[in-house]
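# Examination of the molecular architecture
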Amino acid sequence: MKLPEYWDWVAEHSFHLRQPNPSITDIYYRKLVLTLINQLGSGNWRRILKLDAYNEATNTQYGLYFIKDGGDLILVDISYGIARKALVKAAEKRLSHRIHLIVADFRRMPLRPECVDMSCSFGSIEHVPEYSLAFYEQVRVVREGGEVFVGVPNLLNFSLRALSAKILHIMGLMTRMTNPERHFLGSQLISLARSLNLDDIALTGYHLFPKQLRWLDLWMAYRGVDTLKRSRLFRWLLKTFTLMELKYSFARVFAEMIIVKGVKRWGRGTALRSLSGEAIDIDQQPQST
Ligand SMILES: C[S@@+](CC[C@H](N)C(=O)[O-])C[C@H]1O[C@@H](n2cnc3c(N)ncnc32)[C@H](O)[C@@H]1O
């Protein structure tokens, strides 16, 4: 199945995308991402590009919260089905006039260079083998001095995210939710950012709460069962992991996701030309996987 068809199929079949209300972890996860972006970034953005519209189609909705107080959000997703769900959620929040949905491949975005102030992705580029192309595209479209954020799954996650996802894929339990994802080391993510000539590079992690419990929470929320929401132990665990993550930066090394932030300083024109030839795998044609 080709990528657009696969993700359109996911849009129809994923329990996550059909979950009616935010689960308790959705709320914590969103707050953590908003806090992180506030801490790492300048916040001085009028036009934001976010890769994939999945979060906005579900109940985490990071992008919709980024523009709560103003600005425009451009979402690029290969699936019309997922994009349409994101638009419905944006309309519920009366934000549709500030959301610009583009159904396209994020490895070749139909956007002019330097057209946004900030670009971000949270668990997107690892879904394609040419993840470095997607990263390059995120940098290409950001203006000089603008910020780029790329979050990917962490190979060093203490709750063994990579192994758990692999097992679930082998068992065929993940196909309706997502395709196999690559996991990264912090050093790999930093190398990628350096290869794209980003400046002021910073790396951290987010979402320390065990992924297995997050999946369970989403599954229960979809089924309309509020056992976990009412469980004092579950709430205590969620709070404790969240506080640890906020208080101890060291703990974030082992979080579910790692994120790199960098500032684009290519110098007008020249660096753009040279980097488009040099970016890793740049000559590879995007493949459907
Ligand atoms: C599993 S979801 C992303 C999960 C989400 N970012 C998160 O952290 O929960 C993958 C999303 O990326 C989109 N996607 C996958 N490959 C793509 C590509 N090559 N170009 C654009 N969108 C793509 C899919 O349609 C889907 O919305």
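Here, the structure is the one placed above.
Every value quoted in this text rests on a predicted model; they were computed, and no experiment measured them. (Residues numbered from 1 in each chain as written. Predicted model: local features only at pLDDT ≥ 70, side-chain atom pairs only at ≥ 80, totals over all residues. Heavy atoms only, no water.)

Each helix and strand in the protein was counted, giving 12 helices and 7 strands. On C-alpha atoms alone, the protein measures out to a radius of gyration of 18 Å, which is about the 19 Å that the 2.2 N^0.38 rule sets for 289 residues. The C-alpha extent of the protein, read off along each of the three principal axes, is 60 × 40 × 40 Å. Every one of the 289 residues in the protein was classed for burial, and the buried ones make up 53%. A separation of at least 24 residues holds for 84% of the contacts in the protein among residues at least 6 apart in sequence. As presented, the protein carries roughly 13300 Å² of accessible surface, and 56% of it is formed by carbon and sulfur atoms. (Helix = DSSP H or I, 4+ residues; strand = E, 2+ residues; numbered from the N terminus. Rg over C-alpha atoms; globule rule 2.2 N^0.38 Å. Buried < 20%, exposed > 50% of the residue type's maximum accessible area, 1.4 Å probe, protein only. Contact = heavy atoms within 4.5 Å. Areas by Shrake-Rupley, 256 points an atom, 1.4 Å probe, with all protein chains shown as cover.)

Let us now look at a nonpolar patch on the surface. On the surface, a cluster of nonpolar side chains totalling about 460 Å² of accessible area is made up of Leu156, Phe158, Phe250, Val253 and Phe254. In this fold, Leu156 is placed in the loop between β5 (142-153) and α7 (161-170). (Patch = residues over 30% accessible without salt bridge, like charges linked within 9 Å, V, L, I, M, F, W, Y side chains within 5 Å. Salt bridge = Lys/Arg side-chain N within 4 Å of Asp/Glu carboxyl O.)

This paragraph deals with unusual backbone geometry. Positioned with a positive phi, Arg94 is a non-glycine residue whose angle comes to about 55°. Here Arg94 is to be found in the loop between α5 (80-92) and β3 (99-103). Notably, Leu160 is not glycine yet its phi reads approximately 55°, a positive angle. Locating Leu160 in the fold gives a position in the loop between β5 and α7.

Before going further, it helps to examine helix α9 (residues 211-223). Taking 1.5 Å per residue, 13 residues should reach 18 Å; α9 reaches 18 Å between its end C-alpha atoms and fits that length. All of the buried residues along α9 are Lys211, Arg214, Trp215, Asp217, Leu218 and Ala221. With its buried residues spanning 160° around the axis, α9 presents them on a single face. Each element contacted by the buried residues of α9 is listed here: α2 (24-40), α7, α10 (227-230) and α11 (232-247). Looking one or two places after α9, you find Gly224, whose phi comes out positive at around 75°. (Expected span 1.5 Å × (residues − 1). Arc of directions from axis to C-beta.)

Right, let's talk about the packing of α2 against α11 for a bit. Here α2 crosses α11 at 5°, and the two axes come no closer than 11 Å. By the angle between their directions, the pair α2 and α11 is classed as roughly parallel. Contacts between α2 and α11 involve Ile24, Thr25, Tyr28, Leu32 and Thr35 from the first element and Phe234, Arg235, Leu238, Lys239, Thr242, Glu245 and Leu246 from the second. (Axes fitted to C-alpha atoms, helices over the stretch in contact; angles between N-to-C directions. Parallel < 35°, antiparallel > 145°, perpendicular 65-115°, else oblique.)

A word on the side chain of Ser124. Locating Ser124 in the fold gives a position in the loop between β4 (116-122) and α6 (131-140). In terms of polar contacts, Ser124 uses its side chain to reach the backbone carbonyl oxygen of Leu51, at 3.2 Å. Contact partners of Ser124, with chain neighbours within four places excluded, come to Leu51, Asp52, Phe106 and Gly151. (Polar contact = N/O pair within 3.5 Å; in protein donor to acceptor, adjacent residues only side chain to side chain.)

This part covers the site of the ligand. Near the ligand, the surroundings consist of 18 residues, among which Asp77, Ile78, Asp105, Phe106 and Phe122 are the closest. Contacts to the ligand include Phe106, whose backbone N or O atom sits 2.9 Å from a nitrogen atom. Measuring from a nitrogen atom of the ligand, one finds a backbone N or O atom of Gly123 at 3.3 Å. A total of 600 Å² of accessible area belongs to the ligand in isolation, and the protein chains cover 91% of it. (Near = heavy atom within 4 Å.)

When the charged atoms of two side chains with opposite charge come close together, those side chains can pair. Applying the stated criterion across every chain, the model contains 12 salt bridges. Salt-bridge contacts for Asp117 lead to Arg143; the nearest nitrogen and oxygen are separated by 2.9 Å. One end of the pair, Asp117, is in strand β4; the other, Arg143, is in strand β5, with 26 residues separating them in the sequence. Through salt bridges with shared partners, one network takes in Arg161, Glu181, Lys211 and Glu256.

Right, let's get into the packing of aromatic side chains. Two aromatic rings are characterised by how far apart their centres lie and by the angle between their planes. Summed over all chains, the structure comprises 15 aromatic pairs. A centroid spacing of 5.0 Å and a plane angle of 70° characterise the contact between Tyr6 and Trp7, whose relative ring orientation is edge-to-face. Like Trp7, Tyr6 is buried. Centre to centre, the rings of Phe66 and Phe122 are 6.1 Å apart; their planes meet at 50°, and the pair counts as tilted. Of the two residues, Phe66 sits in helix α4 (residues 62-66) while Phe122 sits in strand β4, which places them 56 residues apart along the sequence. What makes Phe66 buried here is its relative accessible area of 16%. An aromatic cluster of three or more residues is present, and its members are Tyr62, Phe66, Phe122 and Tyr206. Lying across the ring of Phe184, Arg182 places its NZ or CZ 4.9 Å from the centre. The positively charged end of Arg214 is found above the aromatic ring belonging to Tyr29, 4.3 Å away from the centroid. (Phe/Tyr/Trp six-rings, centres within 6.5 Å; stacked < 30°, edge-to-face > 60°. Lys NZ or Arg CZ within 6 Å of the ring centre and 35° of its normal.)

All right, on to the sheet that holds β3 then. In spatial order, the strands read β3-β2-β1-β4-β5-β7-β6; together these 7 strands make up an open sheet with mixed pairing. Every interior strand has two partners, whereas the edge strands, β3 and β6 (198-206), have only one. Looking at each pair of strands side by side, their axes are set apart by 15° on average, direction ignored. Bridge count between strand β2 (residues 72-77) and β3: 5 bridges; the pairing is parallel. Residue pairing across strands places Leu73 opposite Ile99, the latter belonging to β3. Packing of helix α8 (residues 186-195) onto the sheet brings it into contact with β5, β6 and β7 (257-264), and relative to β6 it is tilted by some 155°. (Pairing = 2+ DSSP bridges.)

By themselves these figures say nothing about function.
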